[in-house]
Amino acid sequence: MYSSQPSPHERRKSRFKKWLSKLFKAGSANNGGLGEDNMVRPPFKKNEDDHYWAGREKEELDQSIASSLAKDSQRPNGQKRPGTENDEDLARSLHDNLNPSKEPPYPPPYAPSCAPWDYNARGCRKCGGCQRDIGSGNYLGCMGTFFHPECFLCHACGFPITEFEFSLSGNNSYHKSCFKELTHPKCEVCRQFIPTNGAGLIEYRCHPFWSQKYCPSHENDGTKRCCSCERIESHNTRYVSLGDGRSLCLECMESAILDTGDCQQLYHSIRDFYEGMNMAIDQQIPMLLVERQALNEAIEGEKHGFHHMPETRGLCLSEEQTVTGILKRQRKAVRGLVGIRTQPQKLTRKCEVTAILVIYGLPRLLTGAILAHELMHAWLRLKGFRNLNPEVEEGICQVLSQMWLESEVIPGSRNMPSTSTVSSSSTWSYSKKGGKSGVENKLGEFFLHQIAHDASPAYGAGFRAANAAVNKYGLRRTLDHIRLTGSFPL
């Protein structure tokens, strides 16, 4: 039998095929890729057998290449066999292409041009939070960069964001709940998020002076409103009931005047204020603090007078009537006032003005503003001003009310005399040094705001016309013009 030996060229070809087979096996064991953005990536997992056989194949491949190179180096004059250079270059090229580095040294082609895709010199991703390399393990691709899961934090609370959805403002990320807490308005009454209306818009009410935001439903659900400052009772405060359907907040309650005796000192100080402006009221006009019902009954018995408000707080009485006044100071209980004592009083007419009535339970500054207004009505009647239309009479009375308030809240305003020195010994909310508290000053600013922004024709438009005339011509010339013409000077 004859046997033939393979030629050297066939042996090299067979050995090269074995190299290629080993190369493809090694490459198939290491294939992987870069996933899409905005996903959490698990690390690539292999079992122990895969690692063992991949290592063995790599060793055999390296030994075969080394053996071939050693044989070529033994040829005379350092010559190599024809064709081996291309074979070895191809083998090395295939080996490099099928065993790439784990991370590309450049941004992936789908990365946004504005995204800060950050890789270090070794081709590893860099965390956008801690700025450290992202090695093996899970990572998060988001907003054009990468994060360790524990480094993707909420800008508000500082805790990691683990939910699939989150809120973004500028370059800051937030939990959806944290972002709502920061941006969605809350009702200052019930402390809940203000609901959206039928159109999907957030609708709420806001007081023009106090900026108190609240749900529209609280205007009709029986929630208490302070009869003095108009603020609505919140869930963590309790208003004081005055027993006649009115409620008073605790800040207004601090300086509230609860009986006629307490109010006498304030009343006489305002008469002194008029005297300081050369507008003395010579007649001794009685003044009574009364309940709501008594004031309403007195209004019904009054033939003259203009009352635009849903609830009148004061009245300059011209007719003879029997009025029930409050005589005894009341004590504050848990939910209201107790110990009220009233007494009917027959008011006889000795001049054009029978008495001045003011509703009880209002703060000192508001009570004083009402007294200043009603005393101006009395002054006009005593001085012979007759048949004035409501806009003129109520407007000029509001100007005097504003002047007195300004003298209390803004000392030195219009060079008017202040009554603070007269009242500083009272038990109202004054500091030990005799000055008004910051709370009372703020209330005074609110009452001035009410006068300036009243929307009614008589008290609002009338005040603004009267105030413009007084600012231009002075109070005395304005009053003289009203006496002659019944209108304001232009």
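It should be emphasised that the depicted structure is a prediction, and the values quoted were computed from it without experimental measurement. (Residues numbered from 1 in each chain as written. Predicted model: local features only at pLDDT ≥ 70, side-chain atom pairs only at ≥ 80, totals over all residues. Heavy atoms only, no water.)

**A closer look at the overall build of the chain**
Spelled out, the test is: Strands are runs of DSSP state E lasting at least 2 residues, helices are runs of H or I lasting at least 4, and numbering of each runs from the N terminus. A simple rule labels every residue: compare its accessible area, found with a 1.4 Å probe on the protein chains alone, to the largest value its type can have, and call it buried under 20%, exposed over 50%, or partly exposed in between. Each accessible area value is a Shrake-Rupley result obtained with a 1.4 Å probe; residue values ignore everything except the protein chains displayed when judging cover.
Along the backbone of the chain there are 13 helices and 18 strands. Buried positions account for 41% of the 490 residues belonging to the chain. As displayed, the chain offers around 27600 Å² of accessible surface, 51% of which is attributable to carbon and sulfur atoms.

**Comments concerning helix H9 (residues 390–409)**
The cut-off we apply is this: Under the convention used throughout, the expected extent of a helix is 1.5 Å for every residue step, that is, one less than its residue count. We call two N or O atoms a polar contact when they sit within 3.5 Å, provided that within protein one can donate a hydrogen and the other can accept it, with sequence-adjacent residues counted only if both atoms are side-chain atoms.
Its 20 residues give H9 an end-to-end C-alpha distance of 28 Å, which sits within 8% of 28 Å, the value for a rise of 1.5 Å per residue. Within H9, 18 of the 20 residues are buried, which leaves the element mostly enclosed by the surrounding structure. Sitting at the head of H9, Asn389 places a side-chain oxygen 3.2 Å from the backbone nitrogen of Glu391.

**Points about the packing of aromatic side chains**
Condition: Within 6.5 Å between ring centres, the rings of Phe, Tyr and Trp (the latter by its six-membered ring) count as paired, and their orientation is classed by plane angle as stacked under 30 degrees, edge-to-face over 60, tilted in between.
Here the structure, examined in full by the defined rule, presents 10 aromatic pairs. Summarising the aromatic geometry, the rings of Phe209 and Phe446 are spaced 5.5 Å apart at their centres and angled 55 degrees between planes, so their arrangement reads as tilted. Of this pair, Phe209 sits in the loop between strand S8 (205–206) and strand S9 (213–214) while Phe446 sits in helix H11 (residues 438–452); the two residues are 237 residues apart in sequence, bridging distant segments of the chain. Considering the side-chain rings of Phe446 and Phe447, the 5.6 Å spacing of their centres and the 55 degrees angle between planes classify their relative orientation as tilted. Taking the relative accessible area as the measure of exposure, Phe446 reaches 1% and is therefore buried. Exposure remark for Phe447: the relative accessible area of 2% places this residue in the buried category. An aromatic cluster of at least three residues, connected via ring pairs, comprises Phe209, Trp210, Phe446 and Phe447.

**Regarding helix H12 (residues 457–473)**
Definition in use: By definition, a residue's bend is the angle between the axes fitted to the seven residues ending there and the seven starting there. Contact between two residues is taken to exist if any of their heavy atoms lie within 4.5 Å; hydrogens are not considered.
Relative to the 24 Å expected for 17 residues at 1.5 Å per residue, H12 spans 23 Å between its end C-alpha atoms, a close match to the ideal helical length. In H12, a bend of some 25 degrees at Phe463 exceeds every other bend along the element. Where the residues of H12 are buried, they touch helix H8 (364–382), H9, H11 and helix H13 (475–485).

**Section: the nonpolar core**
Condition: Buried residues of nine kinds, namely Ala, Val, Leu, Ile, Met, Phe, Trp, Tyr and Cys, make up a nonpolar core once their side-chain atoms join them within 4.5 Å.
Grouped together as the largest cluster of nonpolar side chains are 79 residues, with contacts concentrated most on Leu371, Met376 and Ile396. In terms of residue count, H8 provides more of this core than any other element does, 11 residues in total. Those residues in contact with Leu371, other than ones at most four positions away along the chain, are Cys263, Leu266, Tyr267, Ile270, Met287, Ile356 and Val358. If you look at the next biggest cluster of nonpolar residues, it comprises 13 residues, including Leu140, Cys142, Phe147 and Cys154.

**Comments concerning the pattern of salt bridges**
In plain terms, the rule: By definition, a salt bridge exists where a carboxyl oxygen of Asp or Glu is found within 4 Å of a side-chain nitrogen of Lys or Arg.
As enumerated under the stated definition, the model contains nine salt bridges in all. For Lys186, the salt bridge is made with Glu181, and the minimal N-O distance between the two is 3.0 Å. Residue Glu181 is classed as partly exposed on the basis of its relative accessible area, which comes to 46%. Across the pair Glu203 and Arg205 runs a salt bridge, and its minimum N-O distance is 3.4 Å. On the basis of relative accessibility, which here comes to 28%, the residue Arg205 falls in the partly exposed class.

**Overview of the confidence of the model for the chain**
Where we set the bar: Every residue is assigned a pLDDT by the predictor, reflecting its confidence on a scale from 0 to 100.
Of all residues in the chain, 61% attain a pLDDT of 70 or more, and the chain-wide mean is 76. Counting contacts from residues 97–117, a segment whose pLDDT is below 50, to residues more than four positions away or on other chains yields 32 contacts. Below a pLDDT of 50 lies the segment residues 419–434, which in the model reaches 38 contacts outside its immediate sequence neighbourhood of four places, other chains included.

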